Amino acid sequence: MKPALKADNICWSVAEKSILSGVSFSLTKGKVLGLIGPNGAGKSSLLRCLYRYIRPDTGHIQLFGEDINRMPPQVFARQVAVVLQDTPPQSELSLRQLVATGLTPYKRLFERDSAEDNNAVAAALTQVGLSSLADEVFRHLSGGEKQRALIARAIVQKPELLLLDEPTNHLDIRYQIQILELVRSLGVSVIASIHDLNLAAAMCDNLLLLHQGQVVAVGDAAEVLTEQRLSDVFGVCSRISQHPQTGKPLIQYFYGYSPLVVDKVEIDAARRDSGAIYVAK
Ligand SMILES: Nc1ncnc2c1ncn2[C@@H]1O[C@H](COP(=O)(O)OP(=O)(O)OP(=O)(O)O)[C@@H](O)[C@H]1O
């Protein structure tokens, strides 16, 4: 079976500064891939390549075997939904109207929404827990409500591939979990950049770790998240155990020192005496 998405040797530079370099990976249909990495690693840039906002200097991206840059815009828009960190420009649209814009790729010019369309919008609003706010003006919603509204818009778009740039950014912990569970339950292929590594480990089938524009590791959470990598890439010292429910990696961070200047003996001592705070030498 062809992968849902295949990226091959993606490179992108700006003013001779390399932002993405030799990025290759593939996504199996129906799976959730978490994009992780420190600030500035290139996560948003990679997503922008995937939704055709930027065109890489080299490399190929295929959606179900088809080069995305050869796909007509409407075909691409039906297959790929995008939820970004920045909400759309301020508008006077109601929440219901904003969610209905997800149907645009299926509409002819000036075609009106059908009863079926209205039902799809209402169902999506229920799925994200916003039915009671359907007639509110979108720009009056809180950051978290806006984020959930944008996910509802993506749901009505019925995409094959859902791309999310920090979808949990504005959400409280309940909605972080709920929205990612919802995204998983849609059964579509998903790529989401996520900063919270424990959340990414718990909610994604696979993780892709980017650092300085390059893929450092890709695979399941246990393969990708090692104490050494978290030290090398994020510059933090941690202890990784198993989540009691999911069996996925569960990271505990140590505070107050840099792993670069603490020697091995002290890190081991920290492990024996968890909860103690160690200060950089
Ligand atoms: N259009 C651009 N022009 C110049 N530099 C850019 C451009 N887009 C991204 N960059 C640079 O590329 C690097 C990667 O940025 P990107 O936003 O992709 O990282 P990120 O991993 O999403 O970061 P964060 O976690 O902070 O959101 C950064 O150094 C950024 O300044």
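Residue numbers restart at each chain and count upward from 1, following the sequence in its written direction. Given that this is a predicted model, residues contribute local features only at a pLDDT of at least 70 and side-chain atom pairs are listed and counted only at 80 or more, while totals for whole chains, interfaces and linings are drawn from all residues.

> Honestly, the nonpolar core in this entry has me stumped. Any pointers?
One broad trend across soluble globular proteins is that nonpolar side chains are buried collectively. In this structure, Val99 and Ala152 are the most contacted members of the largest nonpolar core, which totals 72 residues. The numbering of helices and of strands both runs from the N terminus, where a helix is a DSSP run of H or I of at least 4 residues and a strand a run of E of at least 2. Here the element with the most residues in this core is helix α5 (residues 143–156); it accounts for seven residues. Note on contacts: residues are paired as contacts if their backbone-placed C-beta atoms lie within 7 Å. With near-sequence residues (within four places) excluded, Ala152 lies in contact with Val99, Ala124, Leu125, Gln127, Val128 and Leu130. By convention the nonpolar core is taken to be a set of buried residues drawn from Ala, Val, Leu, Ile, Met, Phe, Trp, Tyr and Cys and joined through C-beta atoms within 7 Å. Three exposure classes are used, all based on how many other C-beta atoms lie within 10 Å of a residue's own C-beta (placed from the backbone): buried at 20 or more, exposed at 12 or fewer, and partly exposed between those limits.

> What is the right way to read the site of the ligand from this model?
Surrounding the ligand, one finds Val14, Ile19, Gly37, Asn39, Gly40, Ala41, Gly42, Lys43, Ser44 and Ser45. Ranked by residue count, the leading element in the shell around the ligand is helix α1 (residues 43–50), at three residues. A breakdown of the residues in the shell around the ligand according to their chemical character gives three nonpolar, six polar and one charged. Only the C-beta atom matters for nearness: placed from the backbone, it must lie within 6 Å of the molecule or strand for the residue to count as near. Side-chain classes follow a simple rule in which Ala, Val, Leu, Ile, Met, Phe, Trp, Tyr, Cys and Pro form the nonpolar group, Asp, Glu, Lys and Arg form the charged group, and the remainder, Gly included, forms the polar group.

> When you look at the domain arrangement of the chain in this model, what are you seeing that I'm missing?
The accessible area lost on association of the parts is a frequent measure of interface size. Domains are outlined according to an automatic or database domain assignment. Here the chain is described as being made up of domain 1 (5–220) and domain 2 (226–281). Those elements that place two or more of their residues in the side of domain 1 that touches domain 2 are α7 (197–203), β9 (206–211) and β10 (214–219). The dominant element in the side of domain 1 that touches domain 2, judged by the number of residues it contributes, is α7, at four residues. Across the side of domain 1 that touches domain 2, the residue classes break down as seven nonpolar, two polar and no charged.

> What's the story with the sheet that holds strand β2 (residues 17–27) in this structure? I'm lost.
Either a parallel or an antiparallel arrangement is found when strands of a sheet pair, and the pairing is made through backbone hydrogen bonds. Read across the open sheet, the four strands follow the order β2-β1-β4-β5; overall the sheet is antiparallel. The open sheet is flanked by β2 and β5 (66–67), the only strands paired with a single partner. Paired strands, in this sense, are two strands between which DSSP finds at least two bridges. Here strand β1 (residues 5–14) runs beside strand β4 (residues 58–63); their pairing, made up of five bridges, is antiparallel. Looking at the pairing, Cys11 lines up with Thr58 of β4.

> Help me understand α1, please; the structure alone is not making it clear to me.
Residues spaced three or four apart along an α-helix face the same direction, because each turn holds 3.6 residues. With seven of its eight residues buried, α1 lies for the most part within the structure. Restricting attention to buried positions, one finds in α1 the residues Lys43, Ser45, Leu46, Leu47, Arg48, Cys49 and Leu50.

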